Amino acid sequence: MKKQYSGMIRLGIMMFMQYFLLAVWWVPMATYLANTLQLEVYQVSLILSAMAIGSMASPFIGVIADRYIASEKVLAGLNLLTALFLLLATTQTGFPGLMCTILLAMLCYMPTWSLTSSIAMQHADANLFPRIRMLGSVGWVASGIFSLVAVHFFHVELFDGTVLPLYCGAVISIVAAGLNLLLPTTPPCTDKNQTLSVKDMLGLNVISMLKDRNFLIFMLISFLSVIPFNLYHLYGSMFLADMDVKHITVTMNWGQFAEMFFLVITTTVLVKYGLKKTLVFGMVAMLVRYITFYLGVEFDSQASYMTGILIHGLIFGLFYVGGQVYTDHEAPEGMKAQAQGFLSFIVWGVGYLIATFFNGYLINTFRITGKCDWATLFMISSVSSCILLVLLLLFFKDKK
């Protein structure tokens, strides 16, 4: 029992560090690129698309963890490489250099989302995963507090919109890599002497899971859902900057603060109401968020903004984390890391990439006198969220 408790603590610390190290530099990135470096909107969108492109490496990393190298060692190596490329990014102020270094950093970092999920679910019951993942939200919130402390520690007026977050992200990545080596051992679970095909290298064996109509519908809706989700998740700092909100990182982190509590109840919701209702609740929350954002812009209501931000945790916890649990249940033994990687590839890779450029195009199209017509964008996202909710209700069948 004592050993199991120690393992859960280490898994929680893993999640805390993994999301802390991203949030501290990624949340203010759009503001840094657009306002400080004065890059064009299309250049900002291209650099921010690195998150999606990085996710596309997830299936390949999953194959390595499933077949060749212990998952915790893969995770440590990826974090060290992330630190290296973030340090290189601090030396860049132009588009080409930043595009290359941020892309390399994300190709190393983004596969860690599916890798940490796989590690956690191999050492704890998958239904308890939301509570372990909750420590990731704590880490995200801690990054906001850290940004306030950093202002006083470095004796600067601003943390957001400067190069300091990149330095901090690099240092935290190195610390995380050291802690990864203390995780419970997660050895490869398939025969490394087995012939490795191109299909294996790309993690495409997981495609066989799409023969299950229910899983196929889940993947399609998850893929489409990330388009409205991306508008706030990636461009939220630009929206708040246009609304003249100060301390953007801290403001957005209220969503992660609420997420901590919502992830605690995700397991209860899954067990009590089943997967379909859990996903439906998450999609309803996304619809409510964009309606409140729309009303906030139309009536200049700060309270409406905060409502939409706080709801973020419900969306992420119930829909996306609930989807990870579902994927783990559906995946056969020996393919769990690959299955999580495939989900990451489809949702946070291909879907997020399309969403990044689509929403960037909308922002550029509806930009008026330097600021975007956010009310129109939030109305579009509200309508698309409503359509996805109807599709989920009609076509996804719950399994006991």
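Residues numbered from 1 in each chain as written. Predicted model: local features only at pLDDT ≥ 70, side-chain atom pairs only at ≥ 80, totals over all residues. Heavy atoms only, no water.

## Here we look at the overall build of the protein chain
Definition in use: Every helix listed is a DSSP run of H or I at least four residues long, and every strand listed is a run of E at least two residues long, numbered separately from the N terminus. The globule rule used for comparison is 2.2 Å times the number of residues to the exponent 0.38, while the radius of gyration itself is calculated over C-alpha atoms. Each residue gets one of three labels from its accessible area relative to the maximum for its type: buried under 20%, exposed over 50%, partly exposed in between, using a 1.4 Å probe on protein chains only. Between two residues, a contact is recorded if the distance between any of their heavy atoms is within 4.5 Å. Throughout, the Shrake-Rupley method with a 1.4 Å probe supplies accessible areas, and for residues the shown protein chains are the sole cover considered.
Helix and strand content of the protein chain: 17 helices and two strands. Relative to the globule expectation of 21 Å for 400 residues, the C-alpha radius of gyration of the protein chain, 20 Å, shows essentially globular dimensions. Across its three principal directions, the C-alpha atoms of the protein chain cover 60 × 50 × 40 Å. Across the 400 residues in the protein chain, those meeting the buried criterion constitute 59%. Long-range pairs, those at least 24 residues apart, make up 85% of the contacts in the protein chain with a sequence separation of at least 6. Total accessible area on the protein chain stands at roughly 16,300 Å², and carbon and sulfur atoms take up 70% of it.

## Digging into helix H12 (residues 213–242)
Stated formally: To estimate how far a helix should extend, the number of its residues minus one is multiplied by 1.5 Å. In this scheme, the bend at a residue equals the angle between the axes fitted to the seven residues that finish there and the seven that begin there.
A rise of 1.5 Å per residue sets the reference length of H12, with its 30 residues, at 44 Å; its end C-alpha atoms lie 43 Å apart and thus fit the reference within 8%. For H12, the principal kink sits at tyrosine 235 and spans about 70°. With its phi angle positive at about 60°, aspartate 244 sits one or two positions after the end of H12.

## Structural notes on the nonpolar core
Soluble globular proteins tend to bury their nonpolar side chains together. Filter applied, for reference: Buried Ala, Val, Leu, Ile, Met, Phe, Trp, Tyr and Cys residues form a nonpolar core when they are joined through side-chain atoms within 4.5 Å.
Core analysis: the biggest nonpolar cluster contains 127 residues, and Trp25, Trp26, Leu33, Ile102, Tyr320, Trp348 and Trp374 have the highest contact counts within it. Per-element tally for this core: the top contributor is H12, with 15 residues. Setting aside anything within four residues of it in sequence, one finds tryptophan 26 in contact with Ile47, Leu48, Met51, Ile102, Met106 and Leu234.

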